[in-house]
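# Structural overview for review
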2 protein chains.
Amino acid sequence: MNNSYNHSLSANTQLTQKSANRCFNGEQHYYSHQSTSTKTPMTFSIYLPDEALAGQRCPAILYLSGLTCNADNVTHKAHFQQRCSELGMIFIAPDTSPRSISTSDNDDAVEVPNDDRYFVGQGASYYVDATEAPWSDNFNMQSYIVEELYDLLRSEFPIETIGVTGHSMGGHGALLLGFKFPGKFVSVSALSPVCAASESAWGQAAYTEYFGEDKSLWSDADASKIIEKVGQQYSSILVDQGGADDFLLEGQLQTDKLQQACEKAKQPLTLRYQGGNDHSYYFIQTVINDHIEHHWRMAQLS
Amino acid sequence: MNNSYNHSLSANTQLTQKSANRCFNGEQHYYSHQSTSTKTPMTFSIYLPDEALAGQRCPAILYLSGLTCNADNVTHKAHFQQRCSELGMIFIAPDTSPRSISTSDNDDAVEVPNDDRYFVGQGASYYVDATEAPWSDNFNMQSYIVEELYDLLRSEFPIETIGVTGHSMGGHGALLLGFKFPGKFVSVSALSPVCAASESAWGQAAYTEYFGEDKSLWSDADASKIIEKVGQQYSSILVDQGGADDFLLEGQLQTDKLQQACEKAKQPLTLRYQGGNDHSYYFIQTVINDHIEHHWRMAQLS
């Protein structure tokens, strides 16, 4: 461990610090902890600006990653650190799902169910609490994010308010959790989100596994349906979508359904189709500063 | 292939485009080609701002990566794209060495010598032309960079001037090639460079393999010795070094030798020790904009 400035974990912390790297006027940290929601160890990254390292409460952004990702992708490739350093914002990136731990070098090996399809199982989850075996034992990512991790972050770091954002499947998670739990978050945005999981091929495959045939559970886990149901919750939400995104063109994202839901809900939506951009982190880095600034402004107003 | 704007390769190009992703006001591209210097396929990444995609000549930065890296590390983690987009600069990242190609899915498999130590062989090279077997057949990275790739880049992309920079072993490469071939480059900078390869443990292990016992070859491939020998070549050079860099503390980098060489050579040097920063890409992203701006200013003056 090197270069850790002032931040101290609580005396009885559940967190184990895995790394700390100085980055702009702040530090990029990684932590792991044993989760009661998923019954596995979970890892997250957190960027702490110097204000937070010195104990001053800062607004935070919770970023939910997309299919196949873990905390590394966004932490390495989204380029959020500079603007968060400049504004004094905390940026948190959890993993997308519980993971099995190899038996080769660990006596407390954990076996978590998986699926050959990359949009179901480890690296997926859709940030829901699964009700069907074998998923329901570990795939409780809604509870993990909005209860367990949420409380842990608030107890261990000087967090003032939390906004939620995410990419692709994680964009769906941000819209879903932001509107199911509006008391937990002060702002919502999304990058290239899946907008209606229960109506996309990816989401239908996942929800068949996680929820079985009970379509009321599917609707309760569909971001656009939830927005339409609960109505306006935020003064505005920001969504960026690449205009040359193959997944948009093949119908996985259904941005139009989000637009219709926001109209019905009278939820102000800034929806930007960015011509020429695709689904990659090259797009995310291009617009991430606008999302950081959106959450920062909403935090100031809250 | 998606989203390629206007750039066209020459009619008889040796380059194969591997990818193109829109990123800020420009595109991140990857190319591969068969190298006559290394007798292997070589891959590089190039960021082209819209000015370059439209055929307008732009200043370019050639970034030489450090040990164990390939073009991906800097392209994903250094966060250069935004500032290069804003200034209209091209950013080029070659691989660190020739590589073997697996026989499993390729009839034209290439076998390149390697070494178990990560600082010799594939992922290393020090950007020199090796004289000793088995390295001398393929490890001709000096010729690859300053002749073959240099000419290829100039013929295929609208490059106005080229500045050279790099990290760690690649920082040594930038200093070495910048001062051995000052007619090729308009500017030099380095991030956390190895400053005197012939006097560090890493470099001595590599040069024993690449050059054998002829110490005159070692001196000709030592950045600080070359700077002292050739004297001032640039109005100033910029070097950033993390103050909490373990490799500095264990003597691999020897920044003091660069400082002494520049003093003797009357080569103006801006050397910044950045307290708390380590050797990682979290440090590189923290200072990369200053390096981009250094090369941009030098290009304007040239």
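Since the structure is predicted, the reported quantities are computational estimates derived from the model, not experimental observations.

All names here are of chain B. Look at helix α8 (residues 223-230) against helix α10 (residues 255-265): their axes get within 8 Å of each other, and the N-to-C directions meet at 10°. Our classification of the angle between α8 and α10 gives roughly parallel. Taken together, the residues of α10 that come into contact with α8 (itself represented by Ser224, Ile227 and Glu228) are Lys257, Leu258, Ala261, Cys262, Lys264 and Ala265. Here the contact of α8 with α10 is built from residues that sort into five nonpolar, one polar and three charged.

Let us look at the sheet that holds strand β4 (residues 58-64) of chain A. All names here are of chain A. With mixed pairing, nine strands are arranged side by side in an open sheet as β1-β2-β3-β5-β4-β6-β7-β8-β9. The two strands at the open ends of the sheet, each matched to only one other strand, are β1 (16-22) and β9 (269-274). The mean inter-strand angle of the sheet, taken between neighbouring strand axes irrespective of direction, is 20°. One ladder, built from six bridges, connects strand β8 (residues 237-242) with β9; its direction is parallel. Bridge pairing in β9 links glycine 242 to glutamine 274.

On to the interface of chain A and chain B, then. Facing the 28 residues of chain A at the interface are 28 residues of chain B. Taking both sides of the interface into account, the surface hidden between chain A and chain B amounts to around 2200 Å²; carbon and sulfur atoms contribute 44%. Broken down residue by residue, the surface that chain A buries against chain B is led by Phe24, His76 and Tyr282 of chain A, which jointly contribute 27%. Summed over the shared surface of chain A and chain B, the result is zero salt bridges. Counting across the chain A and chain B interface gives nine residue pairs in polar contact (both at pLDDT 80 or more).

So, on to the pattern of salt bridges. With the rule as written, the count across this model stands at 26 salt bridges over all chains. The shortest N-O distance in the salt bridge between glutamate 293 of chain A and arginine 83 of chain A comes to 2.5 Å. With glutamate 293 of chain A in helix α11 (residues 281-301) and arginine 83 of chain A in helix α3 (residues 81-87), this residue pair connects regions lying 210 residues apart in the sequence. For arginine 117 of chain B, the salt bridge goes to aspartate 115 of chain B, with nearest N and O atoms at 3.0 Å. For arginine 117 of chain B, a relative accessible area of 33% corresponds to the partly exposed category.

In this section: the pairing of strand β3 (residues 41-49) of chain A. Residues and elements named next belong to chain A. For β3, the tally of buried residues reaches seven of nine residues, placing the bulk of the element in the interior. As paired elements, strand β2 (residues 26-34) and β3 share nine bridges and run antiparallel to each other. Following the sheet pairing, glycine 26 is matched in β3 by proline 49. The hairpin formed by β2 and β3 contains six residues between the paired strands, and lysine 39 there has a positive phi angle of roughly 60°. Where β3 and strand β5 (residues 90-94) come together, four bridges link them in antiparallel fashion. Bridge pairing in β5 places tyrosine 47 opposite phenylalanine 91.

This part takes up the relation of the copies chain A and chain B. When chain A is fitted onto chain B, the two copies agree to an RMSD of 0.0 Å after a turn of 180° and an axial shift of 0.0 Å. Seen this way, the second copy is the image of the first under a two-fold rotation axis. A high fraction, 100%, of the interface residues of chain A reappear at the interface in chain B, so the copies pair face to face through one surface.

What follows concerns α10 of chain B. One full turn of an α-helix is made of 3.6 residues, so residues set three or four places apart face in the same direction. Residue and element names in this part refer to chain B. Those residues of α10 that fall on the buried side of the exposure criterion are Thr255, Leu258, Ala261, Cys262 and Ala265. Looking straight down α10, one finds that the buried residues subtend no more than 120° of arc, so they occupy a single side. α10 presents Glu263 and Lys264 as exposed residues on the side facing more than 90 degrees away from its buried surface. For α10, the secondary structure elements touched by its buried residues are α5 (169-180), α8, β8 (237-242), α9 (246-249) and β9 (269-274).

Further remarks concern the packing of aromatic side chains. A complete count under the given rule lists 31 aromatic pairs over all chains for this structure. For the ring pair phenylalanine 179 of chain A and tyrosine 234 of chain A, a centre distance of 5.3 Å and an interplane angle of 80° mean the geometry is edge-to-face. Here tyrosine 234 of chain A lies in the loop between α8 (223-230) and β8 and phenylalanine 179 of chain A lies in helix α5 (residues 169-180), a separation of 55 residues in the sequence. On the numbers, 5.1 Å between centres and 85° between planes, the contact of tyrosine 118 of chain B with phenylalanine 119 of chain B is edge-to-face. Look at phenylalanine 119 of chain B and you get buried, because its relative accessible area is 16%. Over the ring of tryptophan 218 of chain A we find lysine 215 of chain A, and its NZ or CZ is 4.7 Å from the ring centre.

So, on to the confidence of the model for chain A. Confidence in the prediction for chain A averages 95 pLDDT; 96% of positions are at 70 or higher. As scored by the predictor, the complex reaches a pTM of 0.93 and an ipTM of 0.89.

Residue and element names in this part refer to chain A. Mapped onto the secondary structure, serine 10 falls in the segment before β1. Taking relative accessible area as the criterion, serine 10 reaches 33% and is therefore assigned partly exposed. Serine 10 sits 168 residues away from glycine 178 along the chain, and the two C-alpha atoms are 28 Å apart. At 2.6 Å, the side chain of serine 10 forms a polar contact with the side chain of glutamate 156.

As a further point, take the environment of glutamate 250 of chain A. Residues and elements named next belong to chain A. Residue placement: glutamate 250 occurs in the loop between α9 (246-249) and α10 (255-265). Since its relative accessible area comes to 51%, glutamate 250 is described here as exposed. Remark: the alpha-carbon pair of glutamate 250 and lysine 266, spanning 16 residues in sequence, is separated by 28 Å.

Thresholds applied
- Residues numbered from 1 in each chain as written.
- Chains lettered and ligands numbered in written order.
- Predicted model: local features only at pLDDT ≥ 70, side-chain atom pairs only at ≥ 80, totals over all residues.
- Heavy atoms only, no water.
- Axes fitted to C-alpha atoms, helices over the stretch in contact; angles between N-to-C directions.
- Helix = DSSP H or I, 4+ residues; strand = E, 2+ residues; numbered from the N terminus.
- Parallel < 35°, antiparallel > 145°, perpendicular 65-115°, else oblique.
- Contact = heavy atoms within 4.5 Å.
- Nonpolar A, V, L, I, M, F, W, Y, C, P; charged D, E, K, R; others polar.
- Pairing = 2+ DSSP bridges.
- Buried area = accessible area lost by both parts, 1.4 Å probe.
- Salt bridge = Lys/Arg side-chain N within 4 Å of Asp/Glu carboxyl O.
- Polar contact = N/O pair within 3.5 Å; in protein donor to acceptor, adjacent residues only side chain to side chain.
- Buried < 20%, exposed > 50% of the residue type's maximum accessible area, 1.4 Å probe, protein only.
- Least-squares fit on C-alpha atoms with pLDDT ≥ 70 in both.
- Arc of directions from axis to C-beta.
- Phe/Tyr/Trp six-rings, centres within 6.5 Å; stacked < 30°, edge-to-face > 60°.
- Lys NZ or Arg CZ within 6 Å of the ring centre and 35° of its normal.
- pLDDT = per-residue confidence, 0-100.

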